[in-house]
2 protein chains.
Amino acid sequence: MNTSLEIAKKLLEIEAVKVNFSNPFTWTSGLRSPIYCDNRKTLSYPAIRTLIMDAYIDAIKTHFSTVEVIAGVATAGIAQGAIIAQTMQLPYCYVRPEPKKHGMKNQIEGYLIPQSKTILIEDLISTGMSSLKAVEAVKEENSEVLGVLSIFNYDFDIAKNAFEEADCKFYSLCNLDDLIKAAIEMNYMKSEDIQSLEAWRADAALWSSNFIAMSQQ
Amino acid sequence: MNTSLEIAKKLLEIEAVKVNFSNPFTWTSGLRSPIYCDNRKTLSYPAIRTLIMDAYIDAIKTHFSTVEVIAGVATAGIAQGAIIAQTMQLPYCYVRPEPKKHGMKNQIEGYLIPQSKTILIEDLISTGMSSLKAVEAVKEENSEVLGVLSIFNYDFDIAKNAFEEADCKFYSLCNLDDLIKAAIEMNYMKSEDIQSLEAWRADAALWSSNFIAMSQQ
């Protein structure tokens, strides 16, 4: 089976991805979304966690074979990043989106070897902003960022543009297309919900404001 | 070699433990301390990270052989917890000291299997408060906490009393005694500094207030 589709099916099976069309989730940004993705749930299932780890390692070998250091993006990327680094026997550190407020005020935790070729392990790319903040933090420590890998990607244009502007490569193990394919194969969603999800992907802000307007009628 | 002593030496070697007697570190609580421990640095050294992981797994097999779930205490315990869970092929989750402020407001990230026998992986025990907050969070989800394991322990009475009061077992891979032994063997500290460290361990609050009084003269 196609690995991306297999991972998408597992995300739906264990409800790491949840959908709700009648009462959409509210993201931190205020955006209403019919989909909520919590990839951390995969950590609780050793076989799925290993499937995802193996897919990350395949992607690293394909796209970033010269990698010297693995860095997890805090907090959701820390655990997967650590098991990847341990399996590959590479140095590991993790990167906070902002510097810690007390103690040593570290933004990068662990020792980042100077001048090292680093890749960042993220769980999810939505706007790409948190990944790119972590990329900046690594660059400020004079290390090279080969790119960012995530489990899931909503495939928003805003993320694609932001990564291009930052001249940063990124790859994801699966995306919204895979999720829609998986949902169809699993009879997980009604066809009208799949249409709604596609409309949301095409213009999430419009979908969100339409939902809010409809619910206020 | 004694594993505790070996780990203590590695912590000093890579400066995961730093000492400074002329300008002691200021902890989050305001306490001045001649010692600062950042075990996250061990993540960047695959051989040391594996030594520590193996010592955790030995401790788990000795003290908590019925464990069903590994939980890391956020953020410093997340990475070590994850590689332990992966090596033991056990479910994994991590626990924040406080619930997350946005999104799903989770305190436990990942799926904590109900009624499961859980152990918590911590990096460091000082007062024990952050560990015990995580213990409470796991218990509130109706899981059993077999105990807490940490890399390092300052061996403060306040921590020992707090764990006893919470009826929670705890073990550490090494402690301040091991560190002092390692420092002596490595000629890492002057004998007057070792005496100062022992005075600090005996009464850290007194040591701290004496230091502040002296430095204001």
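So, how was this worked out
- Residues numbered from 1 in each chain as written.
- Chains lettered and ligands numbered in written order.
- Predicted model: local features only at pLDDT ≥ 70, side-chain atom pairs only at ≥ 80, totals over all residues.
- Heavy atoms only, no water.
- Buried < 20%, exposed > 50% of the residue type's maximum accessible area, 1.4 Å probe, protein only.
- Helix = DSSP H or I, 4+ residues; strand = E, 2+ residues; numbered from the N terminus.
- Least-squares fit on C-alpha atoms with pLDDT ≥ 70 in both.
- Contact = heavy atoms within 4.5 Å.
- pLDDT = per-residue confidence, 0-100.
- Pairing = 2+ DSSP bridges.
- Axes fitted to C-alpha atoms, helices over the stretch in contact; angles between N-to-C directions.
- Core = buried A, V, L, I, M, F, W, Y, C linked by side-chain atoms within 4.5 Å.
- Parallel < 35°, antiparallel > 145°, perpendicular 65-115°, else oblique.
- Left-handed = near helix turned anticlockwise from the far one by under 90°.
- Nonpolar A, V, L, I, M, F, W, Y, C, P; charged D, E, K, R; others polar.
- Phe/Tyr/Trp six-rings, centres within 6.5 Å; stacked < 30°, edge-to-face > 60°.

Asks: What is the right way to read helix H3 (residues 78–88) of chain B from this model?
Replies: An α-helical turn contains 3.6 residues, so a residue and the one three or four places further along point in the same direction. With 9 of its 11 residues buried, H3 of chain B lies for the most part within the structure. Listed as buried for H3 of chain B are Ile78, Ala79, Gln80, Gly81, Ala82, Ile83, Ile84, Ala85 and Gln86 of chain B.

Asks: I would appreciate a short explanation of unusual backbone geometry in the present structure.
Replies: Trans peptide bonds make up most of the peptide bonds, and negative phi angles are found at most residues other than glycine. Residue Ala74 of chain A is joined to Thr75 of chain A through a cis peptide bond whose omega torsion reads -15°. Secondary-structure assignment places Thr75 of chain A in the loop between strand S5 (69–73) and helix H3 (78–88). A positive phi is found at Gln89 of chain B, a non-glycine position, where the angle reads about 50°. Within the element layout of this structure, Gln89 of chain B appears in the loop between H3 and strand S6 (92–95). Its relative accessible area of 40% is what places Gln89 of chain B among the partly exposed residues. With phi around 65°, Asn142 of chain B is a residue other than glycine that occupies positive phi space. Examined against the element boundaries, Asn142 of chain B turns out to sit in the loop between helix H4 (129–140) and strand S9 (144–153).

Asks: Help me understand the relation of the copies chain B and chain A in this model?
Replies: Placing chain B over chain A gives an RMSD of 0.0 Å and needs a rotation angle of 180°, together with 0.0 Å of translation along the axis. Such a turn and shift between the copies fits a two-fold axis. Looking at the interface residues of chain B, 100% of them are also at the interface in chain A, so both copies use one shared face.

Asks: Looking at this model, I keep getting lost on the environment of Pro46 of chain B. Mind explaining?
Replies: Topologically, Pro46 of chain B is positioned in helix H2 (residues 46–63). A relative accessible area of 15% means that Pro46 of chain B is categorised as buried. When residues no more than four places from it in sequence are discounted, the contact partners of Pro46 of chain B are Gln89, Leu90 and Pro91 of chain A.

Asks: Please clarify how the confidence of the model for chain A should be interpreted in this entry.
Replies: Low-pLDDT portions of the prediction should not be read for the details of their coordinates. Within chain A, residue pLDDT values average 93, and 97% of them lie at 70 or more. Among the scores for the predicted complex, ipTM is 0.94 and pTM is 0.95.

Asks: Where do I start with the sheet that holds strand S5 (residues 69–73) of chain B in this structure?
Replies: Strand pairing in a sheet relies on backbone hydrogen bonds. The paired strands run either parallel or antiparallel. Residues and elements named next belong to chain B. The strand order across the open sheet formed by 6 strands is S7-S6-S5-S8-S9-S10, and the pairing between neighbours is mixed. The sheet is open, and its two borders are formed by strand S7 (108–109) and strand S10 (170–175), each paired with just one other strand. Both S9 and S10 contribute to a ladder of 5 bridges, which runs parallel. Its bridge partner being in S10, Asn153 is matched across the sheet by Asn175. Most of the contacts of helix H1 (residues 3–13) go to S10, to which it runs at about 60°, and overall it touches S9 and S10. Sitting on the sheet, H2 touches S5, strand S8 (117–125), S9 and S10, and the angle it makes with S9 is about 145°.

Asks: Sorry if this is basic, but what is going on with the nonpolar core here?
Replies: Note that soluble globular proteins tend to have their nonpolar side chains buried in a common cluster. Ile70 and Trp200 of chain A together with Ile70 and Trp200 of chain B are the most contacted members of the largest nonpolar core, which has 124 residues in total. Among residues more than four places away in sequence, those in contact with Trp200 of chain A are Trp27, Leu31, Arg32, Ser33, Pro34, Ile35, Tyr154, Phe156, Leu176 and Trp207 of chain A.

Asks: Even after reading the chapter, I still don't get the packing of H1 of chain B against helix H6 (residues 176–185) of chain B, so can you show me in this structure?
Replies: Two measures define how a pair of helices packs: the angle their axes make with one another and the distance between the axes. Residues and elements named next belong to chain B. With their axes 8 Å apart at the nearest point, H1 and H6 run at an angle of 65° to one another. By the criterion of interaxial angle, the relationship of H1 to H6 is roughly perpendicular. H1 and H6 meet at a crossing whose hand is right-handed. From H1, Ser4, Leu5, Ala8, Lys9 and Leu12 reach across to H6, where they touch Asp178, Leu179, Lys181, Ala182, Ala183 and Glu185. Partitioned by chemical class, the residues of the contact of H1 with H6 number 6 nonpolar, 1 polar and 4 charged.

Asks: Please clarify how the packing of aromatic side chains should be interpreted in this entry.
Replies: Summed over all chains, the structure comprises 24 aromatic pairs over all chains. A centroid spacing of 5.7 Å and a plane angle of 65° characterise the contact between Phe64 of chain B and Tyr171 of chain B, whose relative ring orientation is edge-to-face. Note that Phe64 of chain B is positioned in the loop between H2 and S5 and Tyr171 of chain B in strand S10, a separation of 107 residues in sequence. The rings of Trp27, Phe152, Tyr154, Phe156 and Trp200 of chain A are connected pair by pair, giving a single aromatic cluster.

Asks: Just to check I follow, could you spell out the sheet that holds strand S9 (residues 144–153) of chain A for this structure?
Replies: All names here are of chain A. Pairing in this open sheet of 6 strands is mixed, and the strands run S7-S6-S5-S8-S9-S10 from one edge to the other. A single partner strand is all that each edge strand has here, and the edge strands are strand S7 (108–109) and strand S10 (170–175). By the bridge criterion, 8 bridges tie strand S8 (residues 117–125) to S9 in an arrangement that is parallel. Counterpart to Ile119 in the pairing with S9 is Gly147. Of the strands in this sheet, S9 and S10 touch helix H1 (residues 3–13), which is tilted by about 60° from S10.

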